[in-house]
Amino acid sequence: MPRSSHCVLIVALFALFACDSAPEFEVPDATGMRWFKGNTHTHTTMSDGDSPPEVVARWYKDHGYRFLVLSDHNVFLDPLTLSTLQDSAFLLIPGEEVSAKFREKPVHVNGLNVPGVIAPQSDSSLVGTIQKNVDAIRSVNAVPHINHPNFRWAFNHRELLQIRNDKLLEIFNGHPQVHNLGGGGWPGMEQVWDHLLSAGKRVYGIAVDDAHHFQGEFATERSNPGRGWVVVKAQNLAPREIVENLEAGFFYASTGVVLHEIQIESQKITIHIQPQGDFKYRTEFIGAHGRILLATEDNPAVFELHNRESYVRAKVSDSSGRAAWVQPVFTR
Ligand SMILES: [Zn+2]
Ligand SMILES: [Zn+2]
């Protein structure tokens, strides 16, 4: 009997059951993994930052970060030159902000775990410019992340949907002029992210500092450190493992909210929030097109999968507006 006839028969006999199996999440194997906090985007006097690399790296080490990518514009800084700062508690991953342009639009793509300097690439189109810089980073076996699309309103999901081989997108950048929230008809970065995910593009959202200013006053209009970071799950604090796990979505992004644990089961997501002071928390589980599937103030926050969603991601916000973004979990 053909398979379709089987289905008809089963539906006829058991009208309440569908032929499709129940939706399930893809469950990652996180056995033996620990959390490592890090920042993948920051600047020094090697380009337009105000402090030398050792001062910048020291700031992150002293503030509890476990890894850092020094990503100056179009230059390569060998972490071996800062070997005295590195130990089992603090890792420097070599990086570069490959900084190109299409007409007046900046096209900045970070290269993580780069082996040496990568020259910025140009092209006759905006999409081509982004793609060529992604490709240049991939060609040396490094990992690209797309930086601040709304900086000078350069590009959004329309262009990013056409880019291949990129998996990481800045959804929060701590620089004061990058317009994370969009406006005036331009989508904010979370909207861009949902557009991409809803169209079937698997991309993970990172938060970064893009810090330039480590001297003088720390103020909202300055580009100071400590504003956005990622917390990556890995077995070892090693460059290749950290960047591979970022690309696998084994992390959350944060501007201040700390998560104790994220459990993914075949039909359940459980988020354990690490409470701080007397802050209150609200968690939104978000599906295709940014639709809020569930909002809860429970801790742990629990989402149970009943309907077929193409993806489910979560955002935990605290009572001061800080957030943690749990990466999308996909169904099969
Ligand atoms: Zn930039
Ligand atoms: Zn930058």
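This is a predicted model, so every value here is computed, not measured.

Caption draft 1: Local environment of the overall build of the protein. Regarding its fold elements, the protein presents six helices and 16 strands. Compactness check: the protein gives a C-alpha radius of gyration of 21 Å against a globular reference of 20 Å for 332 residues, within 12% of the reference. Counting only C-alpha atoms and orienting by the principal axes, one finds that the protein spans roughly 75 × 50 × 40 Å. Here the protein holds 332 residues, and 52% of them are scored as buried. For the protein, restricting intrachain contacts to residue pairs at least 6 apart in sequence, the fraction spanning at least 24 positions comes to 66%. Only carbon and sulfur atoms are counted for the fraction: they give 52% of the accessible area of the protein, which is about 15,000 Å². Both charge centroids of the protein, one from 30 positive and one from 37 negative side chains, sit 4 Å from each other.

Caption draft 2: Spatial organisation of the coordination of the zinc ion (ligand 1). Taken together, the protein ligands of the zinc ion (ligand 1) are E97 (OE), H108 (ND1) and H148 (NE2), with distances of 2.0 to 2.2 Å. Spacing between the donor residues of the zinc ion (ligand 1) along the chain follows E-x10-H-x39-H. The two metals, the zinc ion (ligand 1) and the zinc ion (ligand 2), are separated by 3.5 Å and share E97 as a common coordinating residue. Note that H108 is positioned in strand 4 (residues 105–112) and H148 in the loop between strand 5 (143–146) and helix 4 (157–160), a separation of 40 residues in sequence. Comparing H108 with H148 shows no difference in burial state: the two are buried.

Caption draft 3: Examining the domain arrangement of the protein more closely. Structurally, the protein comprises domain 1 (1–27 + 257–332) and domain 2 (31–255). Just the C-alpha atoms count here: the centres of domain 1 and domain 2 sit 27 Å apart. For the pair domain 1 and domain 2, the two sides together bury roughly 1,800 Å², of which 51% comes from carbon and sulfur. The largest contributions to the domain 1 side of the interface with domain 2 come from W325, Q327 and F330, which together make up 39% of the buried area. Between domain 1 and domain 2 we count five salt bridges in total. As a salt-bridge pair, D194 and R313 come within 2.7 Å of each other at their nearest N and O atoms. Summed over the shared surface of domain 1 and domain 2, the number is 16 residue pairs in polar contact (both at pLDDT 80 or more). Here the side of domain 1 that touches domain 2 is built from residues that sort into 13 nonpolar, five polar and five charged.

Caption draft 4: A look at the coordination of the zinc ion (ligand 2). Ligation of the zinc ion (ligand 2) by protein atoms is provided by H41 (NE2), H43 (NE2), E97 (OE) and D210 (OD), these donors lying 2.0 to 2.2 Å from the ion. Coordination geometry of the zinc ion (ligand 2): the four donor atoms subtend angles of 83 to 173° at the metal centre, consistent with an arrangement described as irregular.

Caption draft 5: Representation of the sheet that holds strand 14 (residues 301–304). As summarised here, the arrangement of the three strands in space is 10-11-14, forming an open sheet in which the pairing is antiparallel. Lying at the two open borders of the sheet, with one neighbouring strand each, are strand 10 (259–265) and strand 14. Direction aside, the axes of adjacent strands within the sheet are offset by 5° on average.

Caption draft 6: Molecular detail of the pattern of salt bridges. Throughout the structure, instances matching the rule amount to 14 salt bridges. Note that K201 is salt-bridged to D166, the shortest N-O span being 2.7 Å. With a gap of 35 residues between them, K201 in the loop between helix 5 (189–198) and strand 7 (204–208) and D166 in the loop between helix 4 and strand 6 (168–173) connect regions that are remote in the sequence. For the pair K201 and D166, one class covers both residues: buried. Across the pair K233 and E261 runs a salt bridge, and its minimum N-O distance is 2.7 Å. In this pair, K233 is assigned in strand 8 (residues 229–234) and E261 in strand 10, connecting sequence segments 28 residues apart. On the basis of relative accessible area, E261 is assigned to the partly exposed category, the value being 23%. Among the charged side chains, a salt-bridge network with shared partners connects E190, D194, R313 and K315.

Reading the values: the criteria
- Numbering of residues starts from 1 in every chain and runs along the sequence as written.
- Labels follow written order: the first chain is A, the first ligand is 1, and so on.
- Only residues with pLDDT of at least 70 are given local features in this predicted model, and only at 80 or more are side-chain atom pairs given and counted; all residues enter the totals for whole chains, interfaces and linings.
- Side-chain descriptors were evaluated using all non-hydrogen atoms of the structure, hydrogens and water having been removed beforehand.
- A run of DSSP states H or I qualifies as a helix once it reaches four residues; a run of E qualifies as a strand once it reaches two. Both are numbered from the N-terminal end.
- To get the radius of gyration, use the C-alpha atoms; to get the globule rule, take the number of residues to the power 0.38 and multiply by 2.2 Å.
- Three labels apply to residues, based on accessible area from a 1.4 Å probe with only protein chains included: buried if under 20% of the type maximum, exposed if over 50%, partly exposed otherwise in between.
- Throughout, a contact is declared for two residues whenever any of their heavy atoms are within 4.5 Å.
- Calculation of accessible area relied on Shrake-Rupley with a 1.4 Å probe; when residues are assessed, cover is drawn exclusively from the protein chains displayed.
- In this tally, Lys and Arg are treated as positive and Asp and Glu as negative; His is ignored, and so are the chain termini.
- Throughout, a charge is located at the NZ atom of Lys, the CZ atom of Arg, the CG atom of Asp or the CD atom of Glu.
- Here a donor is an N, O or S atom found within 2.8 Å of the metal, or within 3.2 Å if the metal is Na, K or Ca; sites may look incomplete because water is not among the atoms.
- Each domain's extent was defined by an automatic or database domain assignment.
- Buried area: the sum, over both parts, of the accessible surface (1.4 Å probe) that disappears when the two are put together.
- For this analysis, a salt bridge means a side-chain nitrogen from Lys or Arg found within 4 Å of a carboxyl oxygen belonging to Asp or Glu.
- Two N or O atoms count as a polar contact when they lie within 3.5 Å, although within protein this holds only if one can serve as hydrogen donor and the other as acceptor, and sequence-adjacent residues are included solely when both atoms are side-chain atoms.
- All residues other than Ala, Val, Leu, Ile, Met, Phe, Trp, Tyr, Cys, Pro, Asp, Glu, Lys and Arg, Gly among them, are scored as polar; the first ten of these are nonpolar and the last four charged.
- Think of it this way: with four donors and all angles in the 85 to 135 degree range, the site is tetrahedral; with four or six donors, opposite ones beyond 155 degrees and the rest between 65 and 115, it is square planar or octahedral; otherwise it is irregular.
- At least two bridges found by DSSP between two strands are what make those strands a pair.
- Lines fitted to the C-alpha atoms define the axes, with helices restricted to the stretch that makes contact. Angles between their N-to-C directions range from 0 to 180 degrees.

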